[in-house]
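Fold and contact review
Next come the chains, spelled out residue by residue.
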Amino acid sequence: MDFSIKTIDAKTSIASLKAGCIAVGIYENKKLSPQAQALDKSGEITAALKSGDISGKPGSTLLLRKVAGVAAERVLLIGLGADGELNDKVTSMAALCVARVLATLGGADALLALPFDAVKERDLAWAIRSSILVLRDNSYRSDTLKSKKETTSGIKKVAFLVAAAKAAVAKEALAQGVALANGIDLTKELGNLPGNVCTPTYLANTAKKLAKEFKLSVEVLDRKQLEALKMGSFLSVARGGGEAPKFIILKHLGGKAKDAPTVLVGKGITFDTGGISLKGGAGMDEMKYDMCGAGSVLGTIRAIAELKLKLNVIGVIPATENMPSGTATKPGDIVTSMSGQTIEILNTDAEGRLVLCDALTYVERFKPAAVVDIATLTGACVTSLGHHNSGLFTRHDSAHDALAEELLSAGKATGDTAWRMPIEDSYQEQLKSNFADMANIGGPAGGSITAACFLERYTKKYTWAHLDIAGTAWKSGAAKGATGRPVALLTTFLMNRAAAAK
Ligand code: BES
Ligand code: MN
Ligand code: ZN
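So, here is what we can say about the structure in this document. (Residues numbered from 1 in each chain as written. Chains lettered and ligands numbered in written order. Predicted model: local features only at pLDDT ≥ 70, side-chain atom pairs only at ≥ 80, totals over all residues. Heavy atoms only, no water.)

1. Topic: the overall build of the chain
Scanning the chain for helices and strands turns up 15 helices and 20 strands. The C-alpha radius of gyration computed for the chain amounts to 25 Å, which stays within 12% of the reference 23 Å derived for 502 residues, consistent with globular compactness. With the C-alpha coordinates of the chain rotated into their principal frame, the extents come out at 85 × 50 × 45 Å. Burial statistics for the chain: of 502 residues in total, 57% are counted as buried. Within the chain, contacts between residues at least 6 apart in sequence are counted, and of these 77% link residues at least 24 apart. Side-chain charges in the chain split into 60 positive and 50 negative, and the spacing between the mean points of these groups amounts to 6 Å. (Helix = DSSP H or I, 4+ residues; strand = E, 2+ residues; numbered from the N terminus. Rg over C-alpha atoms; globule rule 2.2 N^0.38 Å. Buried < 20%, exposed > 50% of the residue type's maximum accessible area, 1.4 Å probe, protein only. Contact = heavy atoms within 4.5 Å. Lys, Arg positive; Asp, Glu negative; His and termini not counted. Charge placed at Lys NZ, Arg CZ, Asp CG, Glu CD.)

Written as structure tokens, this is what we have:
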């Protein structure tokens with residue numbers, strides 16, 4: 001899908017603009033948006049509203065052909081609800097309506113002339129970015145491994161109509177929206193690919209491809225090198241599977257050489273069977289998504305690299321499968337992590353924290369400005385927060401409160417929201433082991449919190465946040481598939497950091 005900005009000055013009438021379809025907003029009280037008004041010289045739009053053919057409620061649409069005095073072939077009326085109540089939900093829905101109606105029109109180009117300036121608490125840039133995300137999300141199909149490709153939405157070209165004075169702002173927002181959508185698509189694609197295709201080696205090759213395309217630096221460590229680094233915890237997870245573990249380091253160094261990097265660490269379990277603590281069979285196929293943390297790191301770096309973001313960002317991915325076998329780690333096994341702390345593995349299905357803890361120790365060498373790990377870590381997080389919010393965990397001091405606020409507000413800005421959860425010493429006690437420095441599980445109570453508490457023990461040397469995306473990274477049921485979350489949150493977080501560093 002090709003996006004562009006079309007500008008209009010005060011002297012030009014919208015009615016004179018040529019397009020396959022021009023989309024304008026109307027309201028519930030039969031009122032026209034200014035753009036609809038400009039197309040209504042003949043009174044046809046007013047007549048359509050009067051006739052009751054369109055209610056004006058959000059989601060309602062009416063397609064008119066060859067409206068007198070309008071150069072565009074079609075006028076698509078889009079209901080925006082009550083006048084003055086245009087919020088982000090309605091705006092996203094409007095973009096979706098355009099996609100759905102035009103999908104039936106076989107390749108018509110669309111000119112969106114919606115009242116983007118009127119969106120509450122948002123601005124034009126937000127409206128353009130979010131419309132692009134909605135349209136691209138709608139046209140994404142996971143058909144890489146299907147022999148017949150599905151046909152996607154008929155619209156090939158979408159232009160946003162903005163006042164000439166807003167051209168620069170709009171163009172920047174468009175570039176951001178497209179880069180973000182490209183990153184999200186990559187994350188979805190990696191998530192949706194099955195465990196026999198998207199292996200640790202495949203993730204490493206994806207990182208290498210990105211490095212080549214965007215001139216990033218990349219390093220991939222193999223088992224021997226990980227042994228030399230004494231990553232006993234990460235390697236304990238990789239003992240059962242046939243796929244070689246990979247430890248991926250991808251650097252986008254767009255900031256000043258002396259600036260401390262922001263580090264993203266993504267859980268990259270390319271398939272989680274649970275290991276010897278084997279999971280039940282029902283729905284186990286969904287554990288191909290257990291690398292969505294890793295996928296979101298690659299997608300985010302793709303987005304910021306395309307935008308040439310002036311910030312130093314390092315992505316780190318510990319990648320392996322979690323399989324049972326004769327060589328697999330057993331419940332009760334004790335391993336020594338790279339940090340020197342020993343871990344009693346009481347449940348081999350709590351493997352995410354085992355790969356992350358060594359990655360979190362590894363990144364100390366970068367003297368990070370902040371570290372954010374992203375992981376489909378616990379089913380307990382899905383129980384507590386459902387599918388709407390990612391779980392956000394940090395310590396509770398002023399530096400961490402500030403980092404939490406950055407992440408929460410980046411989430412709110414994009415609708416890719418997170419909700420803050422506690423990390424407290426009282427929960428840490430649940431990780432006591434009789435035989436090692438800690439156990440890898442803390443019992444069923446507060447499972448997402450004890451998982452975060454486990455990670456916290458490996459992050460003492462820098463400011464750190466943990467995002468548990470088990471509930472947000474993919475959808476189950478009929479709409480099964482990766483969502484691309486939290487790439488929008490992370491990319492916005494980094495964009496805000498780059499803006500603050502100016
Ligand atoms: N990858 C899973 C977490 C998960 C489960 C994500 C269900 C999405 C849906 C993780 O490795 C895991 O198995 N966690 C266990 C931890 C438990 C053994 C302490 C869980 O959540 O059951
Ligand atoms: Mn598991
Ligand atoms: Zn897992």
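After presenting the structure, the write-up continues.
2. As for the packing of aromatic side chains
For the structure on display, the rule yields seven aromatic pairs. Judged by centre distance (6.1 Å) and plane angle (45 degrees), the rings of phenylalanine 116 and phenylalanine 160 are tilted. With phenylalanine 116 in the loop between strand S5 (110-113) and helix H4 (124-139) and phenylalanine 160 in strand S6 (residues 157-163), this residue pair connects regions lying 44 residues apart in the sequence. As far as burial versus exposure is concerned, phenylalanine 116 and phenylalanine 160 are alike and both buried. When the ring of tyrosine 289 is compared with that of tryptophan 474, the centres are 5.0 Å apart and the planes differ by 15 degrees; the resulting orientation is stacked. Taken together, the positions of tyrosine 289 in the loop between strand S10 (268-272) and helix H9 (292-306) and tryptophan 474 in strand S19 (residues 474-475) put the pair 185 residues apart, joining distant regions of the chain. (Phe/Tyr/Trp six-rings, centres within 6.5 Å; stacked < 30°, edge-to-face > 60°.)

3. Regarding the coordination of the zinc ion (ligand 3)
Reference values for coordination geometry: four tetrahedral donors around a metal ideally subtend 109.5 degrees, six octahedral donors ideally subtend 90 or 180 degrees. Looking at the zinc ion (ligand 3), one finds its protein donor set to be Lys267 (NZ), Asp272 (OD), Asp290 (OD) and Glu351 (OE), positioned 2.0 to 2.4 Å from the metal centre. For the zinc ion (ligand 3), the six donor atoms in the first shell make angles of 79 to 176 degrees at the metal, so the coordination geometry reads as octahedral. Sequence spacing of the donor residues for the zinc ion (ligand 3), all on one chain, is K-x4-D-x17-D-x60-E. Separating the zinc ion (ligand 3) and the manganese ion (ligand 2) is a distance of 3.1 Å, and aspartate 272 donates to both of them. Taken as a pair, aspartate 272 in strand S10 and aspartate 290 in the loop between S10 and H9 lie far apart in primary sequence, 18 residues in all. Overall, the relative accessible area of 2% leaves aspartate 290 in the buried class. (Donors = N, O, S within 2.8 Å, 3.2 Å for Na, K, Ca; no water. Tetrahedral: all angles 85-135°; square planar, octahedral: opposite > 155°, others 65-115°.)

4. Points about the sheet that holds strand S12 (residues 333-336)
Sheet architecture is open: three strands sit in the order S12-S13-S17, paired in mixed fashion. The open sheet has two edge strands with one neighbour each: S12 and strand S17 (438-439). Here strand S13 (residues 342-345) pairs with S17 via two bridges, running parallel. Directly across from glutamate 344, in S17, lies its bridge partner alanine 439. (Pairing = 2+ DSSP bridges.)

5. A few points about the site of ligand 1
Taken together, 16 residues lie near ligand 1, and Lys279, Asp290, Asp349, Glu351 and Gly379 sit nearest. A distance of 2.8 Å separates an oxygen atom of ligand 1 from a polar side-chain atom of lysine 279. At 2.7 Å, a backbone N or O of glycine 379 approaches an oxygen atom of ligand 1. When ligand 1 sits alone it has 510 Å² of accessible area, and the protein chains cover 77% of it. For the shell around ligand 1, the per-class residue count stands at five nonpolar, four polar and seven charged. (Near = heavy atom within 4 Å. Polar contact = N/O pair within 3.5 Å; in protein donor to acceptor, adjacent residues only side chain to side chain. Areas by Shrake-Rupley, 256 points an atom, 1.4 Å probe, with all protein chains shown as cover. Nonpolar A, V, L, I, M, F, W, Y, C, P; charged D, E, K, R; others polar.)

6. Observations regarding the coordination of the manganese ion (ligand 2)
Looking at the manganese ion (ligand 2), the protein donor atoms are Asp272 (OD), Asp349 (O), Asp349 (OD) and Glu351 (OE), and they sit 2.1 to 2.2 Å from it. In this structure, the manganese ion (ligand 2) is surrounded by six donor atoms whose angles at the metal cover 71 to 169 degrees, and the resulting shape is irregular. All donors of the manganese ion (ligand 2) come from a single chain, and their spacing in sequence reads D-x76-D-x1-E.

7. Brief notes about the sheet that holds strand S3 (residues 61-65)
Reading across the sheet, the six strands line up as S1-S6-S5-S2-S4-S3 and stay open at both edges, with mixed pairing between neighbours. Edge positions in the sheet fall to strand S1 (2-8) and S3, since each has one partner strand and no second. Pairs of neighbouring strands in the sheet enclose a mean axial angle of 25 degrees, with direction left out of account. Pairing of S1 with S6, which is carried by seven bridges, proceeds in the parallel orientation. Along S6, the bridge assignment pairs threonine 7 with valine 162. On top of the sheet, H4 reaches S1 and S6; it is set at about 170 degrees to S6, its chief contact. (Axes fitted to C-alpha atoms, helices over the stretch in contact; angles between N-to-C directions.)

8. Describing the packing of helix H3 (residues 88-103) against H4
The interhelical angle for the contact between H3 and H4, taken along N-to-C directions, is 45 degrees, at an axis separation of 9 Å. Considered as vectors, H3 and H4 are oriented oblique to each other. The chirality of how H3 crosses H4 is right-handed. Touching Asp88, Thr91, Ser92, Ala95, Leu96, Ala99 and Arg100 of H3 are Trp126, Ala127, Ser131, Val134, Leu135 and Asn138, all from H4. Each residue belonging to the contact of H3 with H4 can be placed in one class, and the counts come to seven nonpolar, four polar and two charged. (Parallel < 35°, antiparallel > 145°, perpendicular 65-115°, else oblique. Left-handed = near helix turned anticlockwise from the far one by under 90°.)

9. Considerations on the side chain of aspartate 468
Within the secondary structure, aspartate 468 is located in strand S18 (residues 464-468). No salt bridge is formed by the buried aspartate 468; its nearest oppositely charged neighbour, arginine 353, is found at 7.6 Å. Here threonine 378 takes part through its side chain, which lies 2.8 Å from a polar atom of the side chain of aspartate 468. Looking at aspartate 468, its side chain comes within polar contact range of the main-chain nitrogen of alanine 470, at 3.2 Å. (Salt bridge = Lys/Arg side-chain N within 4 Å of Asp/Glu carboxyl O.)

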